[in-house]
Amino acid sequence: MKRWIIALAVAGSAAVAGAQTEETTSTPSFRLFGQTTSYLELNESEDGNSDEDYTKFKQLLNFNVEWSKWTVGVQVDYLYYSDPDLADRLDLDRLRDTWELRRYYVDYTSDHFQGRLGTFFSSLGRGLTLFVQKNEALGFDEPIHGGTATVTFDHIDVTVLGGNVTEPVLQNQYNRKFEDTVWGGRILARLPHDFYFGGSFVHSELDRFFPEGVDDIEVWSLEGGGAEIAGVLDIHAEWAEIEKVEALGTKEGYGGYLSVASYFGPFTILGEYKDYWNFQYRYNSPPNAGRSIESYNHNDVRGPRLFVSADIPSIGAILSGSYAWFDSHKKETSLGGTDGDQQDEWYVTLEEMAGPVYFLSSYFNRHWSNRKIRQEHIIADLHLSTGERKEIIVGYDKRLEKSPYFSLATHRSYAGYSLSPYGVFSVRYAWEEKSSFGTDDFWGAELEYLPTPSMTLRLFGGSDPGGLICAGGQCRVEPRFKGYKATFSWRF
Amino acid sequence: MAQTDSPSMFPSGFLIRGTILVTVALLCLVGIAPAASPPDFKLKEINGKWFSLSDHLGKEVIYVSFWATWCVPCRREMPHLQKMADDFEDQGFLVVGVNTDPPATKSKIKPYLRRLKITYLNLLDPNNNVLDKYNPTRELPYAVLIDREGSVHEVFPGYRAGDEIRLRKTVQTLLDGNVSEHDPDPGE
């Protein structure tokens, strides 16, 4: 716990150093900004039992003042459940307090220094050593409560950070709040000809699920690379090692990542090789060149990926394809071993922009050969412009997971039309097919309206199957929903 | 559960009154705030060089556009921005893309731009610190048009086909210098 205080002390020293070296040329400016969001959810029981209906209401107020190089902000959230015991276990809000001070910070930014005390999000390296980020689409919103500072010299950046943090999904699963501590830093040197080299280190103390106690995690990494090498090549390589001191003993692991990108003519090529062994912990999210709307294992996986994209100017289209082949380190003799966990993954995407038409279609296929599990993901999305800010939207999305024992397919379709230049009305129909359980249907309608550029109103009525949703390389399982939702946001 | 002592009514009158009071107080504060000048920022370009907004404020008409590789409306808007960047480059128009992807997907950003033939300036905001100052709700795409005096002329939340027509007209007007104080409201 004391270590992040040390990190803050370092940050303070860095602030002094940074402040001494900077120029004071900017004109002081004063600005207020923030947002307020109201969210109302009327949940209805799927089987029509009104005793299980409940209401959820959230009010968020975010207020910030920026003066010259200083910014100060607070965000207060109010949360209400008419019957907290009925809240779904997958609802990430259910453990939150009625009133919460979700954000509070003092931020100082200048030419050579950026420091913040209070709440903040951060990553070190490319997420190998630390990844604590907000993900709006998934509802992940747990910042670090502490401090961070970055000093920028001519060719070197130094970052230190420390604080307390909690993980949104696990605490819901275990039905209690976790308070963890992370502290660490990163140094990055910019070398001539757009080369760079650096490293990062993180120590974390993690609240244990069971038995009560604390796990100590230490992870460090070295990274290097270059951009536009010989005019056509971008390379990034990173190597990390991790030590986990847990209740049952000490575990060691490592993570290696290499990405190479090149461009010539109509072709874009991206290759990656990753090798992660016993590497994942609560606050890292290693690099991945796969699709950001699929789920990936970062704990025990190794193998290459090749992504190729080509323009087809004659029809105004871009055709992309990716193939990856991954294996695991676990062997049959290891505890829980699967004699390797080989998977091959491929996808193709066709994207077309021609006149008033935008069309995207994609097919994703992943197959674990040892476990005989197959996943498919099909996307088709068509936008037809019918005038300025007016369009017709039609789409379809299917996720399938099939094993020898079970299959689950979730189909989602939607059709939307711009009622006015600033409003869209859409209807949705989804159906879920479970082996041996039959099919469930879900209907819904949504209205989105922007009365001004700073205001958004969304109304939804109907039902939704929930399930796996992924965005920005992260995933979560959403609960089913039936009822009504209303959201009003105002930015100022 | 943390909610065991929640009020039984939805929501209680006290809470409604409190929320209204705070909102009114905020509206008053916003009402006395000076005209909007964009928050300054300093971010790295994709190749690691630093870019500072203040170096360009008051000199050029600037369109700051926040985007991400997973954002389909962003992807639809970008070719139009590239065309405008090319057409108005000599007249002092600067398009600044700000990518908000997390660090774990950084390797995909440059191939993505190459694929779409995007050559205008693009910066990296992996922790979304700058996005937070412009748009705390973090919806994408989100753009701000800054005039030659260095003031925010208009904001553009989201993208819908046809937005580029109005943007092009507005930028041309700003470049021609035929605009006084004008902040069009799309709801009007």
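Going by the structure above, here's the rest.
Numbering of residues starts from 1 in each chain and follows the order in which that chain's sequence is written. Here every chain gets a letter starting at A, and every ligand a number starting at 1, in the order they are written. Only residues with pLDDT of 70 or above have their local features reported here, since the model is predicted, and side-chain atom pairs are shown and tallied only from 80 upward, although totals for entire chains, interfaces and linings are computed over all residues.

(A) Quick peek at the overall build of chain B. Helical segments are the DSSP runs of H or I of at least four residues, strand segments are the runs of E of at least two, and each set is numbered from the N terminus. Looking only at helices and strands, one finds 5 helices and 7 strands in chain B. Beginning at the N terminus, the succession of helices and strands in chain B can be written as α-β-β-β-α-β-α-β-α-β-β-α. With C-beta atoms placed from the backbone, a residue is labelled by how many other C-beta atoms lie within 10 Å of its own: buried for 20 or more, exposed for 12 or fewer, partly exposed between the two. Buried residues in chain B amount to 41% of all 188 residues. Once C-beta atoms are placed from the backbone, any two residues with those atoms within 7 Å are in contact. For chain B, contacts bridging at least 24 residues in sequence account for 74% of all contacts bridging at least 6.

(B) Representation of the interface of chain B and chain A. Between chain B and chain A, the contact holds 60 residues from the first and 83 residues from the second. Among the elements of the structure, α1 (13-32), α2 (72-88), α3 (109-115), β7 (152-157) and α5 (163-176) of chain B are those that each provide at least two residues to the side of chain B that touches chain A. A total of 7 residues in the side of chain B that touches chain A trace back to one element, the largest contributor, which is α1 of chain B. Three classes are used: nonpolar for Ala, Val, Leu, Ile, Met, Phe, Trp, Tyr, Cys and Pro, charged for Asp, Glu, Lys and Arg, and polar for all others, with Gly counted as polar. Split into classes, the residues belonging to the side of chain B that touches chain A amount to 28 nonpolar, 18 polar and 14 charged.

(C) Looking closely at the sheet that holds strand β2 (residues 50-52) of chain B. Residues and elements named next belong to chain B. Two strands qualify as a pair provided DSSP detects at least 2 bridges between them. Reading across from one edge, β2-β1-β5-β4-β3-β6-β7 is the order of the 7 strands in this open sheet, with mixed pairing throughout. In this open sheet, the two strands that pair with only one neighbour each are β2 and β7. Strand-to-strand, the axes of this sheet are offset by a mean angle of 30°, without reference to chain direction. Across 4 bridges, strand β4 (residues 93-99) lies against strand β5 (residues 121-124) in parallel orientation. By the bridge assignment, V98 is partnered in β5 with L123. Axis angles are defined between N-to-C directions and span 0 to 180 degrees, where every axis is a line fitted to C-alpha atoms and, for a helix, only to the segment in contact. Packing of α2 onto the sheet brings it into contact with β3 (61-67) and β4, and relative to β4 it is tilted by some 155°. Here α5 sits on the sheet and contacts β3, β4, β6 (142-146) and β7; the angle it forms with β7, its principal contact strand, is near 170°.

(D) Molecular detail of the environment of P465 of chain A. Residues and elements named next belong to chain A. Structurally, P465 is set in the loop between β25 (455-464) and β26 (467-471). The class of P465 is partly exposed, set by 17 C-beta atoms lying within 10 Å. Sequence-wise, P465 and D440 are 25 residues apart; in three dimensions their C-alpha atoms are separated by 8.4 Å. Once you skip the residues sitting within four places of it in the chain, P465 turns out to touch T410, A430, E432, D440, F442 and R480.

(E) Layout of the pairing of β7 of chain B. Residues and elements named next belong to chain B. Of all 6 residues that make up β7, 5 are buried, and the element is covered over most of its length. In this structure, β6 lies alongside β7, joined through 5 bridges in antiparallel fashion. Paired with I146 across the strands is V152, a residue of β7. Linking β6 to β7, which pair antiparallel, is a turn of 5 residues; within it G150 sits at a positive phi near 85°.

(F) Main features of the packing of α2 of chain B against α5 of chain B. Residues and elements named next belong to chain B. Packing of α2 against α5 brings their axes to within 11 Å, and their N-to-C directions diverge by 25°. Here α5 runs roughly parallel to α2, going by the angle between their axes. Handedness of the α2/α5 crossing: right-handed. Contacts between α2 and α5 involve H80, M84 and F88 on the former and, on the latter, E164, R168, V171 and L175. Tallied by class, the residues present in the contact of α2 with α5 amount to 4 nonpolar, 1 polar and 2 charged. What sets the label is the angle itself: under 35 degrees gives roughly parallel, over 145 gives roughly antiparallel, 65 to 115 gives roughly perpendicular, and the rest give oblique. Put simply, a crossing is left-handed when the front helix is turned counterclockwise from the back one by less than a right angle, and right-handed when it is turned clockwise.

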